[in-house]
Amino acid sequence: MNRKFWSLVLSLVLMSNGLGAALAATERPQGVETFVTEQTDASRVSLGKMTGFEQEGSQVVFTAQNGRMAVSFLQDDMVRVRMAKAGEEFACDADDVTGAIEKQEDEYAAVAVSVREENARVVMRTESLTVSADPATLALSYYTKDGALITQNSDAAMSYDKEGEGKTVGFVRDAAGVEEHFFGLGSSGEGSDFSTLDWRNQAYELWLEDANIHAITPLYYSTAGYGIYLHSAYHGQMSFLDDPYELHVDGGELDYYFFYGPTIKEMLGDFTELSGYMNMPPKYALGVTLRGQSYWTEDMLIDKLGEFYDAGISIDTLGVEPGWHTASYPCTYAWSENFLDPQKFVERVHALGARVNLWEHPYVHPHSEIYNAILPYSINGSELYPRAGFADGSAR
């Protein structure tokens, strides 16, 4: 099994469990309290009627009454779509960058794209996809090479808020005539309780401020055979509550990548190519993990691991919860009295065929020996970074 295979497997795990590219959100907009932003057609401005288009290589730029739209074919089955209001440029500014894109647009090989006006639409074709734009609204429809509809924009297509910097793109739910279900998005964020698998009839807030510090990955896969990655670091929402369903960002550029599978393996392969392959982890990291309770002592952990060993069940990693610290949430990174001989504990685990995984947290307790040394490198540089629910400040 090669490196690319394991990268693909891990991409699926990261997509489902939210350990993928973390969303480095900008300052949260004032007045945003709920995770579903109520909008009305009257509060938005659509791009409007097309006034022209121009092809340059694998990219087609459309101009309209109220802005522009760039459609870039990175691969035969992968499209990047961006919107700019009138007078704005497409290039993302520094605050838009998520840090998730490894392979830039100009690093992809040129894709042969034919562009024609057919049946009152602008039709763009590759070997795998046909994408058509409605001149009345610039709504895009995505088809297979055989002409089967995959999905399409709603009538409003791409729009921006009359007040503020919010931008939205809508998609017709169940556009292909079958009920769609949506998977991915990571494991945390407002609206997530770590139990949601299918996001149909659910809404998800793209924001990181909860104490768990789990990752948001604004990538989802539809059972209609496509995936979408919303490339933004701004606060936003992905709402699958209604038809049409909508993707909204509160600032920056509206920028998304469309992947056609039709399988999740193929779609994740394209996303991994875009976001970059991770280094190959040790094999035990991909194996079976046993995690104990936070209050368990070293003897309790060894006893439980021994039960599996005696039963002939191989455990690759023993996960030790934050009770190994003298204090946690935030952490001290110092062994507690539950582990009187840490070196011997590790040796005992190894003797049972497992490795030790120590739980940690990106906040350092003021009582930690490393606190003063790490403080200058904290998010604030020279002052404590308090967290909600903690009496003490902590450095991150």
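First, a word on what this report is: a plain description of the structure on this page. Values in this document were obtained by computation on a predicted structure and should not be read as measured data. (Residues numbered from 1 in each chain as written. Predicted model: local features only at pLDDT ≥ 70, side-chain atom pairs only at ≥ 80, totals over all residues. Heavy atoms only, no water.)

**Examining the overall build of the protein chain**
For clarity, the threshold we go by: Helix and strand labels come from DSSP, where a helix needs a run of H or I of at least four residues and a strand needs a run of E of at least two; each type is numbered from the N terminus. Burial here depends on accessible area, computed with a 1.4 Å probe over protein chains only, as a share of the maximum for the residue type. Under 20% is buried, over 50% is exposed, and the range in between is partly exposed. Should any heavy atoms of two residues lie within 4.5 Å, those residues are considered in contact. Only the protein chains shown count as cover for residues, and all accessible areas are computed by the Shrake-Rupley method using a 1.4 Å probe.
Scanning the protein chain for helices and strands turns up five helices and 23 strands. Taking all 396 residues of the protein chain together, 47% fall into the buried category. Summarising the internal contacts of the protein chain: among those between residues at least 6 apart in sequence, 61% fall at separations of at least 24. Taken as a whole, the protein chain presents about 19,300 Å² of accessible surface, with 49% of it coming from carbon and sulfur.

**Considering the pairing of strand 11 (residues 167-171)**
Threshold: Between any two strands, at least two bridges found by DSSP are needed for them to pair.
Of all five residues in strand 11, five are buried; the element is thus mostly enclosed. Linking strand 10 (residues 149-161) back to strand 11 in an antiparallel pair, the connection comprises five residues, with Gly164 at a positive phi of about 90 degrees. The pairing of strand 11 with strand 17 (residues 245-249) spans five bridges and is antiparallel. The partner of Lys167 across the bridge, within strand 17, is Val249.

**Concerning the pattern of salt bridges**
Put simply, the rule is: Think of a salt bridge as a Lys or Arg side-chain nitrogen and an Asp or Glu carboxyl oxygen that are within 4 Å of each other.
Per the counting criterion, the structure on display carries 15 salt bridges. Salt-bridge contacts for Glu118 lead to Arg125; the nearest nitrogen and oxygen are separated by 2.9 Å. Judged by its relative accessible area of 25%, Glu118 is partly exposed. Overall, the relative accessible area of 32% leaves Arg125 in the partly exposed class. Note that Glu179 is salt-bridged to Arg200, the shortest N-O span being 3.9 Å. Residue Glu179 is found in the loop between strand 11 and strand 12 (182-186), and its partner Arg200 is found in the loop between strand 12 and strand 13 (203-206); the two are separated by 21 residues along the sequence. Taken together, the shared-partner salt bridges in this structure form one network comprising Arg80, Arg82, Glu105 and Asp255.

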